[in-house]
Structure formats: structure tokens, C-alpha cells
Amino acid sequence: MRFLTRVLRKAGLHRSERASGFTLYQQMIQVFIGSAILLGGWAAYRDLTVQWRLANVERQMDQYAHSAMGELVNTLQWSVGAQLLSSGRNPLLRIAIGEFIGENGGLNSQEASQGHFPYLTDNYFTTNQNQAGQEHRMYGGFIQLTHNANRGILINNREPYWAGREAEQYIWRGSRLRDPVREMAAFDRRDRMTVKSFTVDFPLDRDPALANEGAGAGRMKYSVMRITLVMQYRYQTTDWTGIYGEDYIRERVYETSVCPLNHGQSIEDNPFFRQFIQSGIMG
Amino acid sequence: MSKRIRQLERGAADLVTIAVGLTIIAITVIGTSYSLLYGRQALVHQEHYRTALYKLRGFMEEEMARIKHSTYYQNDLNWLNQRNTLEAFQLDVPTDRDGRIRETDVRIYRDAIEFVDVVTTSVAPDYLRIVGHAEWREAALAGIGEQDERTDVGPARSIKLQATFLLPG
């Protein structure tokens, strides 16, 4: 302290309590308070933005899964059958879409004049309708359902319209990077979601009643399809000064089952059933 | 105090000004934080609702398929007439919410299957009716909407779905 007094005296200051306007103690306290305010403000802002990003992506995942569940339920519900070309974590499902003429007021017709079925089919049933023994009263054909971890659910290898294809509503890991000058730059390359897994299985597979069904076991087993969608989002902060954690992982699991109304033996004259299952091509 | 320092301190913030300023800032900070937490909680509740909704409708589809496509269940009157409950299902996954596991168990069940017979028709029954329920209690985040402070459990939620269907053939 004596040394400090000597230094201050050399500078023309006789008392440390009153330097030019503010004392040394005041300066120290002010620096302390100021740094605490700046540090606290920065931490609050940083954490608030991280939480905002997390909440935003979680909302996106939820909204996407909600749309996907609704659309897949509709599509599978009105299908007349489906063929699982490959199973496991990345299933490829070939779904037969048919419309019985006049059914449901033509709402699920693919013909624009009669309805609004949104996907292109290969017109399988329509093109075969004049073959002997293949007569039927249906329109339609097949669509392909699969998924890509970085682009979401794909129908006919395209992102369907409800997945925000036109408006880039959802930001995927496979999406194009946003232009920070012309587009909203609040979200960067880390704010991207993925599909961790998308599975299709048959929940009645292990039903205890199957053993008593005899010949009808297959019909019962394949009467319900269960779709499970697991979506994940990971946010890794790049700075080392994370206060509340540096690696955030958010995951949502959505699951539902569909018992198609037009299931092979629920209706008469199901061409998918007749041509594929009954003929022994698949089943 | 020298004249020069008095000159410097003229018009500066005094204790009252600082206190008023701090109060305003505190109100702003509390309001913003509360909005953030409230919005976050509303979002989580919505996610839970949607997860439960799709799980419930899937369960009902499975039950309907059992009745429609299984002669075993069609003839099991005991099974048809009693409440059937799905095994416990969690609305959150372990990696959710920064690894903090908030166990939100949902109870999904259906009532007894109702055989609806319209007296003016010659068909009996005319159709079948299934009523499904999903019930759970939300966890209260950050004490908002908390109903029981000791258990940290928030408001009760429920979904009721109803479907009618015919037996094939």
C-alpha cells in the first residue's frame, strides 16, 4: 500500500480515496459490476438464442411428423394393398392405389377433374383393364414410399408437396444452404433435422390369437401396418464457453397403425389381392 | 468536493433513477423469460398431444383389425365386452429435452365394443362402435401451470376417439 501511495503521490495525487473524480476502489467496483453485467447479458442472450433455435426445430419436427402421419394414414388407408420391397430401417413400400369408380365421390381419384389424389401412379390397373380375366372397376396403380435421412419421407422418390417442397418449409440436413444476404439468416447450417429411422411393420405379428386362426393367420397378420417415424435434431455449439451444455439432441418418436379399408379380403374384387396375393406372387 | 467534480456529476443518474431503471429492466426480463417458458411448455404439451393422438388412433385401428380379420376375436365375447388396455407408453424419449427424462406415461385403452342395432333394419347388428381413450398428466415445466407442488405434476389431459365399422363379408 505504501508503494501505491508513493506512486500516486508522484502522479500528483495525495490520497488514494479521491483520485481525479473516481477513487481507485470505485473504479475496481465499477469494472467488476460492468464485467458481470456484460458477461451475464452475453450468457443470457446466447442461451436464449440457443433455446429459441431448439424450440424452433422441435416445432418443425413436430409439424412435419404431424403432416407425415396424417398423409401416410390417408394414403395407406385408401390403398388396396402394399408390397414391402425392402424392410428394416429404410423400407421401400410399393403401395397399390386404386379407386373403385364412384367410391367416396371420386375424392381419391387421381384424375384432376374428379378428385385430388396428389401423387402420380403408374396406371397399372388402368392399363390392364382390357386383358382377359383382368377386368375390374378401378383406376390407379402404384406409388413408391421410401425415405431419405436428410430429405425426409419420399413418395415416388420426390419430396411430397405436404413436406413443404414448394415453400422450403422444413430445413433438412440435405436442404440447400440459405443465402445469408437475401434470406433469413437467423438459422445456420446446424439448424437441420434428420429422419433417424422410418419403419413399417405389422403389429399383429405376435398376436396370441394368430395360433388359433389357421388359414386366416396371414390375412389377420397383414391387415394392419404400423409406421414409426423417429426424427432427430442435434445442435452442437462451436464455442467452448457453453454454460448450459454444448451438445443438444432432441428426438421425437411418432407411431401409428393403419388397417386399410380396402384390405384384400374386406372388399370384393380387389385386383391387388387377386393379382398379387392370391396368385402367390407375394403374400 | 471540487467545483469541477460537481460540474461532472450534474445531470447524472441518481439512486432513484437507477432503482426505477432496474425495476423496468427486471420486469422486462421476467416477462420475456416467462413468455419463453410458457411457449416452450405449450409446445411440449402440443407434442405430447399429437404423439398420444396418433398412438391412440393406431391402437384403435389394431383393435378394429382384430375384430374384422380374426374369427378368434370375433367369437371371444369376453374379450369384446371388456375394456382392453395397451401396455404403458411414454410420450417422451430418453434423449428428449437435453437428456432430462420426464416420464409422461399415457394410458391408452378402449371401452367394450358396442354392437349397434338399428330396429328399423333387418340386420343385426348394423354396425360396431369402438370408443378409445388416452389419458395422461403433463409435467409442469418451471413451475408454470403447476397443480401439485410436491409431485411437479401439471394438468391432466385426455383424448376420446370414436369409430364405427362393419364386419367384412
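Focus: the nonpolar core
- Grouped together as the largest cluster of nonpolar side chains are 38 residues, with contacts concentrated most on Tyr64, Leu145, Ile153, Met193, Phe198, Leu229 and Met231 of chain A.
- Elements supplying a minimum of two residues to this core: α2 (24–77), β2 (92–100), β3 (138–148), β4 (152–155), β5 (193–201), β6 (225–236) and β7 (247–258) of chain A.
- It is α2 of chain A that contributes the most residues to this core, 11 residues altogether.
- With residues near it in sequence (within four places) discarded, Met193 of chain A still touches Val57, Gln60, Met61, Tyr64, Tyr170, Ile171, Trp172, Arg173, Met231 and Gln232 of chain A.
- Counting 31 residues, the second-largest nonpolar core is a separate cluster that includes Met220 and Cys259 of chain A together with Leu53 and Ala134 of chain B.

With respect to the side chain of Gln77 of chain A
- For Gln77 of chain A, the position within the fold is in helix α2.
- At a separation of 3.3 Å, a polar atom in the side chain of Gln77 of chain A contacts the side chain of Glu61 of chain B.

A word on the sheet that holds β7 of chain A
- Taken in spatial order, the three strands make up an open sheet running β5-β6-β7 (chain A), and their pairing is antiparallel. Because the sheet does not close on itself, it has two edges, and the strands there are β5 and β7 of chain A. Pairwise comparison of adjacent strand axes, ignoring direction, gives a mean angle of 15° for this sheet.
- Note that β5 of chain A and β6 of chain A share eight bridges and pair antiparallel. Looking at the pairing, Asp201 of chain A lines up with Arg226 of chain A of β6 of chain A.
- On the sheet, helix α2 (residues 15–69) of chain B packs against β6 and β7 of chain A and is oriented at approximately 30° with respect to β7 of chain A.

What about the interface of chain A and chain B?
- Each side of the interface is counted separately: chain A has 42 residues, and chain B has 31 residues.
- Approximately 3400 Å² of surface area, both sides summed, lies buried where chain A meets chain B, with 51% of it carried by carbon and sulfur atoms.
- The largest share of the area that chain A buries against chain B comes from His66, Arg252 and Glu255 of chain A, three residues that together contribute 15% of it.
- On the surface where chain A and chain B come into contact, there are six salt bridges.
- Counting across the interface, chain A meets chain B through 18 residue pairs in polar contact (both at pLDDT 80 or more).
- Elements supplying a minimum of two residues to the side of chain A that touches chain B: α2, α4 (217–221) and β7 of chain A.
- A total of 12 residues in the side of chain A that touches chain B trace back to one element, the largest contributor, which is β7 of chain A.
- The residue makeup of the side of chain A that touches chain B, split by class, is 17 nonpolar, 12 polar and 13 charged.

Quick look at the confidence of the model for chain B
- Chain-level pLDDT for chain B is 84 on average; 84% of the residues reach the 70-or-more range.
- Here helix α1 (residues 3–9) of chain B is the element of chain B with the lowest mean pLDDT, 70, and strand β3 (residues 105–110) of chain B is the one with the highest, 94.

Concerning the packing of aromatic side chains
All names here are of chain B.
- Under the counting rule described, the total for this entry stands at eight aromatic pairs over all chains.
- Between Tyr72 and Tyr73 the ring centres are 5.6 Å apart and the planes differ by 75°, which places this aromatic pair in the edge-to-face class.
- Judged by relative accessible area, which is 36%, Tyr72 ranks as partly exposed.
- We classify Tyr73 as buried; its relative accessible area is 7%.
- Above the face of the Phe89 ring, Lys55 is positioned so that its terminal group lies 4.7 Å from the ring centre.

The rules behind these values
Residues numbered from 1 in each chain as written. Chains lettered and ligands numbered in written order. Predicted model: local features only at pLDDT ≥ 70, side-chain atom pairs only at ≥ 80, totals over all residues. Heavy atoms only, no water. Core = buried A, V, L, I, M, F, W, Y, C linked by side-chain atoms within 4.5 Å. Buried < 20%, exposed > 50% of the residue type's maximum accessible area, 1.4 Å probe, protein only. Helix = DSSP H or I, 4+ residues; strand = E, 2+ residues; numbered from the N terminus. Contact = heavy atoms within 4.5 Å. Polar contact = N/O pair within 3.5 Å; in protein donor to acceptor, adjacent residues only side chain to side chain. Pairing = 2+ DSSP bridges. Axes fitted to C-alpha atoms, helices over the stretch in contact; angles between N-to-C directions. Buried area = accessible area lost by both parts, 1.4 Å probe. Salt bridge = Lys/Arg side-chain N within 4 Å of Asp/Glu carboxyl O. Nonpolar A, V, L, I, M, F, W, Y, C, P; charged D, E, K, R; others polar. pLDDT = per-residue confidence, 0-100. Phe/Tyr/Trp six-rings, centres within 6.5 Å; stacked < 30°, edge-to-face > 60°. Lys NZ or Arg CZ within 6 Å of the ring centre and 35° of its normal.

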